[in-house]
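In case you want the letters, here they are:
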Amino acid sequence: MSRVNRRPQFITAVLCHGVGMAVLGASSFLPEHPIKNILPIICLGMTGICYGLGVGPVPFVLMSEMFGVKYKSEGMAIGMAARCLVAFSQLKVFVNLRTIIGVDGIFLIHSILNVLAAIFVFLVLPETRNKSMSELEDIWKSGSEIIQTKKKALSEHTQNNNDESKSDLEA
């Protein structure tokens, strides 16, 4: 994991995981074909590999790199507690959800959540590999690159509107 940047590794893994889940969810709608019998095994293998290469380990590495020494234990405890609560919620809701939308629907929901996770990581999470704690603190204080770009565009738009308002008042 030290050779690959965390964001691309997680995004790639979560998207591949989502594809596997989507194909599993859609497999019952596919027409009869000899490959239809093998497809669930291939998809389960793919999702297992993707989980092991990125979805499972990367969040733990990111948590250990994102929190400073002063807040590392509290931050990781909150992260692990949130993870356990989500897993507990999934287990409690599964039986009811299965009767309402079926297992195929559950796989499709998981694939959608994987895509949303990839979008969230792309938009919000900074790359932490080979960054010092002070560099990471500066990133968190200033916001992600996309947020900075939006702030800059908003301030330019506001400045242009103010300039137009002043010129209208002067005329």
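Basis of the calculations
Residues numbered from 1 in each chain as written. Predicted model: local features only at pLDDT ≥ 70, side-chain atom pairs only at ≥ 80, totals over all residues. Heavy atoms only, no water. Salt bridge = Lys/Arg side-chain N within 4 Å of Asp/Glu carboxyl O. Buried < 20%, exposed > 50% of the residue type's maximum accessible area, 1.4 Å probe, protein only. Core = buried A, V, L, I, M, F, W, Y, C linked by side-chain atoms within 4.5 Å. Helix = DSSP H or I, 4+ residues; strand = E, 2+ residues; numbered from the N terminus. Lys, Arg positive; Asp, Glu negative; His and termini not counted. Polar contact = N/O pair within 3.5 Å; in protein donor to acceptor, adjacent residues only side chain to side chain. Contact = heavy atoms within 4.5 Å.

### Things to note about the pattern of salt bridges
For the structure shown, the criterion picks out 2 salt bridges. Between Lys36 and Glu32 there is a salt bridge; the shortest N-O distance is 3.4 Å. Taking the relative accessible area as the measure of exposure, Glu32 reaches 67% and is therefore exposed.

### Some remarks on the nonpolar core
Within the largest apolar cluster, 10 residues are counted, these being Phe10, Ile11, Ala13, Val14, Val55, Val58, Leu62, Ala118, Val121 and Leu125. Looking at this core, the elements with two or more residues in it are α1 (6–26), α3 (57–66) and α4 (72–124). At 4 residues, α1 tops the list of elements feeding residues into this core.

### Section: the side chain of Arg7
Structurally, Arg7 is set in helix α1. Within the buried core, Arg7 has no salt-bridge partner, and the shortest N-O distance to an opposite charge, that of Glu127, equals 5.5 Å. Side-chain polar atoms of Arg7 contact the backbone oxygen of Leu125, separated by 3.0 Å. In this view, Arg7 contacts Val121, Phe122, Leu125, Pro126 and Glu127; residues no more than four positions away in its chain are not counted.

Nothing here speaks to function; it is geometry throughout.
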